[in-house]
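# Summary of structural features
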Amino acid sequence: MTATDMNENTPVSAEEQAAEHQAASSSRADKQAVNWWQEVKSIALLILAVLAFHSFVAKPFYIPSESMMPVLLKGDRLVVSKFPYGWSYVSPSFHPLPFISGRIFGRLPERGDIVIVSPRHRREDYIKRVIGLPGDVLEVRGGQVILNGVPVPRKALKPIRIPIDGNAPCPPMQFPGAAVEGRDGKGYCQLPVRQETLPNGRTYVTIDMGPSSLDWYGPIRIPPHHVFLMGDNRDNSADSRAPLEENGLGGPVPWEAIGGRAEFITFSLDGDSSWNPRTWLHALRSDRAGNSLRPRSVTAPK
């Protein structure tokens, strides 16, 4: 009998079997143990990647007010691109930086662009439309914008009807007498609108409910590296016409305060949903998803 045969036929003791079982169990436990440091590092890198994308490429934005009606409704979710104007101190998410002069690869917005802007001394974003550029002499007289002595053309259109819902309740303080009932028995907010056309041919629709304190402003000359912003809901917008004390922008804003350009609506909610998932689908405003926010261009007025 060879040594090999003797080894194969030698009985294994209970102690040896227990030791082998314990070693195998320990090996499996080592393989199954979670490397928590690696997991935390992976999550941190993912968060940094998302923040970097939001800061330098694009980020989602939620419309919290009626100031840009009728193009934007409260409850709209949209995409804001960060790179068209370069980057500034407001580009990082949550705005952790103090004011820093200048922009990296900076470029001024165009008239008619819808942009997000951070008011001075505040850590939040507004969304408004660019009306005046550096060097312009701007005035608002009786609700009509006057640029460099020339009234911006505007044309009255047929009133529009916006369905009344939880996010568009047609409050009588903002829109007195605008709530009407349609032939379908549903409630609508019927609003007077005007088509406005800027000197570069960009055109869009504004709401004008009549005389208001915001209908008169200026004249002022817009300083270098500043822009003048207004909301499309002209009588209900805390924009460059409104002082800082009234939560407005307090005049022209430095171009560093521009955080990006609004591109398109991803989806919109009417505000009538609840925690019940069955209500979520009905809360979608299906006709708004994908709507572009770039203003239409026509032949520039002479």
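## Side note on a nonpolar patch on the surface
On the surface, Phe53, Phe56, Val57 and Phe83 cluster together into a nonpolar patch covering about 380 Å² of accessible area. Of note, Val57 is situated in the loop between helix H3 (36-56) and strand E1 (58-62).

## So, the sheet that holds strand E14 (residues 253-254)
The antiparallel open sheet is built from 7 strands, whose spatial order is E1-E2-E15-E3-E4-E13-E14. Sheet topology places E1 and E14 at the edges, where each strand pairs with a single neighbour. Sheet topology places strand E2 (residues 76-81) next to strand E15 (residues 258-268); 6 bridges connect them, and they run antiparallel. Bridged to Leu78 within E15 is Ile265.

## With respect to the pattern of salt bridges
Counting across every chain of the model gives 16 salt bridges. Salt-bridge contacts for Lys59 lead to Asp125; the nearest nitrogen and oxygen are separated by 3.1 Å. Of the two residues, Lys59 sits in strand E1 while Asp125 sits in the loop between strand E3 (114-117) and strand E4 (126-132), which places them 66 residues apart along the sequence. Take Lys59 and Asp125: they sit in the same class, and that class is buried. With a shortest N-O distance of 3.8 Å, Asp76 and Arg285 are connected by a salt bridge. Of this pair, Asp76 sits in strand E2 while Arg285 sits in the loop between helix H4 (280-283) and strand E16 (296-297), and the two are 209 residues apart along the sequence. Residue Arg285 is classed as buried on the basis of its relative accessible area of 10%.

## Let's talk about the packing of aromatic side chains
Two descriptors summarise a pair of aromatic rings, namely the distance from one centre to the other and the angle between the planes of the rings. Across all of its chains, the model carries 4 aromatic pairs by this definition. Ring centres 6.3 Å apart and planes at 65° place the aromatic pair Phe56 and Trp87 in the edge-to-face group. Here Trp87 lies in the loop between E2 and E3 and Phe56 lies in helix H3, a separation of 31 residues in the sequence. In this structure Phe56 comes out as partly exposed when scored by relative accessible area, which is 44%. When the ring of Trp87 is compared with that of Phe105, the centres are 6.4 Å apart and the planes differ by 80°; the resulting orientation is edge-to-face. Remark: Phe105 occurs in the loop between E2 and E3 and Trp87 occurs in the loop between E2 and E3; sequence separation between them is 18 residues. Three or more aromatic residues link up through ring pairs in this structure, and these residues are Phe56, Trp87 and Phe105. The cationic tip of Arg103 hangs over the ring face of Trp255; the distance from NZ or CZ to the ring centre is 6.0 Å. Seen from the ring of Tyr204, Arg129 lies directly overhead, with NZ or CZ sitting 4.1 Å from the centre.

## Looking at the pairing of strand E10 (residues 187-197)
Pairing of strand E8 (residues 154-163) with E10 involves 8 bridges; the strand directions are antiparallel. Within E10, the residue paired with Arg161 across the bridge is Gln190. Looking at chain direction, strand E9 (residues 179-181) and E10 are connected through 3 bridges and run antiparallel. Residue pairing for E10: Glu181 is matched across the bridge by Gly187. Between the end of E9 and the start of E10, which pair antiparallel, lie 5 residues, with Gly185 showing a positive phi angle near 85°. As defined by bridge partners, E10 adjoins strand E11 (residues 202-207) across 5 bridges and the pair is classed as antiparallel. Bridge pairing in E11 places Thr197 opposite Thr203.

## Description of the side chain of Ser268
Assignment of secondary structure puts Ser268 in strand E15. A polar atom in the side chain of Ser268 sits 2.5 Å from the side chain of Asp76. Beyond its immediate chain neighbours, meaning those up to four positions away, Ser268 contacts Gly75, Asp76, Ala283, Leu284, Arg285 and Arg288.

## Here's the deal with the confidence of the model for the protein
Here the protein averages 89 in pLDDT, and 89% of its residues register 70 or above. A low-confidence stretch, residues 1-8 (pLDDT under 50), is modelled with 1 contact involving residues beyond four sequence positions or located in other chains.

## Concerning the state of the cysteines
Tallied over the entire structure, the rule returns 1 disulfide. The disulfide partner of Cys170 is Cys189, and the S-S distance across this bridge is 2.1 Å. Disulfide Cys170-Cys189: the torsion about the S-S bond is 70°, which places it as right-handed. Here Cys170, found in the loop between E8 and E9, pairs with Cys189, found in strand E10; they are 19 residues apart in sequence, far enough to count as distant.

Cut-offs and rules
Residues numbered from 1 in each chain as written. Predicted model: local features only at pLDDT ≥ 70, side-chain atom pairs only at ≥ 80, totals over all residues. Heavy atoms only, no water. Patch = residues over 30% accessible without salt bridge, like charges linked within 9 Å, V, L, I, M, F, W, Y side chains within 5 Å. Areas by Shrake-Rupley, 256 points an atom, 1.4 Å probe, with all protein chains shown as cover. Salt bridge = Lys/Arg side-chain N within 4 Å of Asp/Glu carboxyl O. Helix = DSSP H or I, 4+ residues; strand = E, 2+ residues; numbered from the N terminus. Pairing = 2+ DSSP bridges. Buried < 20%, exposed > 50% of the residue type's maximum accessible area, 1.4 Å probe, protein only. Phe/Tyr/Trp six-rings, centres within 6.5 Å; stacked < 30°, edge-to-face > 60°. Lys NZ or Arg CZ within 6 Å of the ring centre and 35° of its normal. Polar contact = N/O pair within 3.5 Å; in protein donor to acceptor, adjacent residues only side chain to side chain. Contact = heavy atoms within 4.5 Å. pLDDT = per-residue confidence, 0-100. Disulfide = S-S within 2.5 Å.

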